[in-house]
Amino acid sequence: MTISGKTRVCGVIGDPIEHTLSPAIQNAAFTHLKLDFVFLAFRVKAVELEDAMRGMRGLGIHGLNVTMPHKKAVTAFLDEIDSTAKFLCAVNTVLNDNGRLCGFNTDGVGALKALQENGVDPSGKKVLLLGAGGAAKAIAFQLAKEAEELVLLNRTPEKATELAELLNQALGKEVKGAMLSPNTIQKNLRDSDLLVNATSVGMHPNDNQSPVAREWLKPDLTVMDIVYNPVETQLAKDAKAAGARVISGVEMLVHQGAASFEIWTGRPAPVEVMRKAAMWKLVEDVSR
Ligand code: ATR
């Protein structure tokens, strides 16, 4: 990669940010397509977010990914927000369009692409989604449009019922929300086609935890875990052993990054290159 006087700068802002995979994924894509772009990570504290967004405009930074804890707060400093990001009250991608800062959210579309590109079409399916945090909300908004039936289970049940109600109102679809418990999981899994874990259960360092008891997993189920560290979660291992189809969290990570790449460059993202870069970085981080 050669940096020139015309190199366009993209990046990710968050706090903490040292462990982000985005520079590895995005720079691999820019290099592969020989685009004169570079991608950097910026640690931005909450109190400095406004200055950071002024800096984006002032320096002509072309695109940003936005991660914890800024996804909601950043909306106050943008000129335009697309309808999905507006519904989610969360932006993960900003495009600087000649000084106009435009916000998007690619989490939901990343999850949908992860399913579709792996041969799973959620339309007409019964989906069981675990979690009701930021990622779960984005996935639920996307999948509620496609699925025949969507059930949300969350440790804090009020968050699941509130999100279900919000989706019912916005989309006119009957989404159900309830408490995440061994009982509710077992009951709902019986007739589900697709299980998505959007909780942080199983994330490193709790590698051997799973939100679902292995005996309830079955061969006619597709399981997508959005946890990508470890690459193969306990839930993924158990699902594979039960004969279920498994889609790893790396897929959603890569596809939401690919959607951001397309917003910034207007070019189709080299998804396979991005996937390899993500896997290399994850393996490198583990072996450190
Ligand atoms: P993200 O932006 O990644 O979605 P988040 O908004 O903090 O992160 O959401 C984390 C999700 O994981 C929530 O659904 C959380 O449940 P609560 O709403 O009850 O907090 C869920 N979660 C985290 N730890 C959990 C645990 N030990 N058991 C069950 N659910 C858990």
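All of these numbers come straight from a predicted model, not from anything done at the bench.

J.: Can you walk me through the site of the ligand in this structure?
T.: Inspection of the region around the ligand gives Gly-131, Ala-132, Gly-133, Gly-134, Ala-135, Asn-154, Arg-155, Thr-156, Lys-159, Thr-199, Ser-200 and Val-201 as its neighbouring residues. In the model, an oxygen atom of the ligand is placed 3.0 Å from a nitrogen or oxygen of the Gly-134 main chain. Between the ligand and Ser-200 there is a distance of 3.3 Å, counted from an oxygen atom to a backbone nitrogen or oxygen. Contact with the protein chains hides 65% of the accessible area of the ligand, taken as 640 Å² for the molecule alone. For the shell around the ligand, the per-class residue count stands at three nonpolar, seven polar and two charged.

J.: For this particular structure, what's the right way to read the pairing of strand E5 (residues 93-97)?
T.: Looking down a regular strand, the side chains alternate between one sheet face and the other. E5 sits mainly inside the fold: four of its five residues count as buried. Across three bridges, the pairing between strand E3 (residues 63-66) and E5 is antiparallel. Within E5, the position partnered with Gly-63 by the bridge is Leu-95. The sheet contact formed by E5 and strand E6 (residues 100-104) spans five bridges and is antiparallel. Across the sheet, the residue bridging to Asn-96 is Leu-101, located in E6. Hairpin connection of E5 to E6: two residues between the antiparallel strands, including Asn-98 at a positive phi of 50 degrees.

J.: It is not clear to me how the domain arrangement of the protein chain should be interpreted in this structure. Could you clarify?
T.: Often the size quoted for an interface is simply the accessible area lost on bringing the parts together. Per the domain assignment, the segments of the protein chain are domain 1 (8-105) and domain 2 (108-250). Placing the centre of domain 1 and that of domain 2 at their C-alpha centroids yields a distance of 27 Å. In this assembly, five residues from domain 1 lie in contact with eight residues from domain 2. Approximately 590 Å² of surface area, both sides summed, lies buried where domain 1 meets domain 2, with 76% of it carried by carbon and sulfur atoms. Where domain 1 meets domain 2, there are zero salt bridges. Counting across the domain 1 and domain 2 interface gives zero residue pairs in polar contact (both at pLDDT 80 or more). Here the residues of the side of domain 1 that touches domain 2 sort into three nonpolar, two polar and no charged.

J.: Help me understand the nonpolar core in this model?
T.: For soluble globular proteins, nonpolar side chains are generally found buried alongside one another. With 33 residues, the main nonpolar core has Leu-129, Ile-139, Leu-143, Leu-150, Leu-152, Leu-167 and Val-196 as its most contacted residues. Listed by contribution, the elements that provide at least two residues to this core are helix H3 (83-88), helix H4 (107-117), strand E7 (126-130), helix H5 (134-146), strand E8 (149-154), helix H6 (157-171) and strand E10 (194-197). The leading source of residues in this core is H5, at seven residues. Among the domains, domain 1 (8-105) and domain 2 (108-250) are the pair contributing at least three residues each to this core. With near-sequence residues (within four places) excluded, Leu-143 lies in contact with Leu-112, Leu-115, Pro-122, Val-127, Leu-194 and Val-196. Cys-10, Val-12, Ala-258 and Ala-269 belong to the second-largest nonpolar core, a separate cluster that totals 21 residues.

J.: Explain the sheet that holds strand E9 (residues 175-179) here, please?
T.: In a beta sheet, neighbouring strands pair by backbone hydrogen bonds and run either parallel or antiparallel. The strand order across the open sheet formed by six strands is E9-E8-E7-E10-E11-E12, and the pairing between neighbours is parallel. Looking at the sheet topology across the chains shown, the edges are occupied by E9 and strand E12 (245-247). Going across the sheet, the axis of each strand differs from the next one's by a mean of 15 degrees, ignoring polarity. In terms of strand pairing, strand E11 (residues 222-225) meets E12 through three bridges, oriented parallel. When the bridges of E12 are listed, Met-224 appears paired with Ile-247. Here H6 sits on the sheet and contacts E8 and E9; the angle it forms with E9, its principal contact strand, is near 175 degrees.

J.: Looking at this model, I keep getting lost on the sheet that holds strand E2 (residues 37-43). Mind explaining?
T.: The sheet built from six strands is open, its strands ordered E2-E1-E3-E5-E6-E4 with mixed pairing. Among the strands making up the open sheet, the edge pair consists of E2 and strand E4 (80-81). In the sheet, strand E1 (residues 8-14) pairs with E3 via four bridges, with the strands oriented parallel. By the bridge assignment, Cys-10 is partnered in E3 with Gly-63. Contacts between helix H1 (residues 22-32) and the sheet are confined to E1, E2 and E3, with E2 contributing the most and set at about 170 degrees to the helix. Helix-sheet contacts for helix H2 (residues 49-59) involve E1, E3, E5 and E6, and the interaxial angle to E5 is about 40 degrees.

Calculation notes
- Residues numbered from 1 in each chain as written.
- Predicted model: local features only at pLDDT ≥ 70, side-chain atom pairs only at ≥ 80, totals over all residues.
- Heavy atoms only, no water.
- Near = heavy atom within 4 Å.
- Polar contact = N/O pair within 3.5 Å; in protein donor to acceptor, adjacent residues only side chain to side chain.
- Areas by Shrake-Rupley, 256 points an atom, 1.4 Å probe, with all protein chains shown as cover.
- Nonpolar A, V, L, I, M, F, W, Y, C, P; charged D, E, K, R; others polar.
- Buried < 20%, exposed > 50% of the residue type's maximum accessible area, 1.4 Å probe, protein only.
- Helix = DSSP H or I, 4+ residues; strand = E, 2+ residues; numbered from the N terminus.
- Pairing = 2+ DSSP bridges.
- Domains from an automatic or database assignment.
- Contact = heavy atoms within 4.5 Å.
- Buried area = accessible area lost by both parts, 1.4 Å probe.
- Salt bridge = Lys/Arg side-chain N within 4 Å of Asp/Glu carboxyl O.
- Core = buried A, V, L, I, M, F, W, Y, C linked by side-chain atoms within 4.5 Å.
- Axes fitted to C-alpha atoms, helices over the stretch in contact; angles between N-to-C directions.

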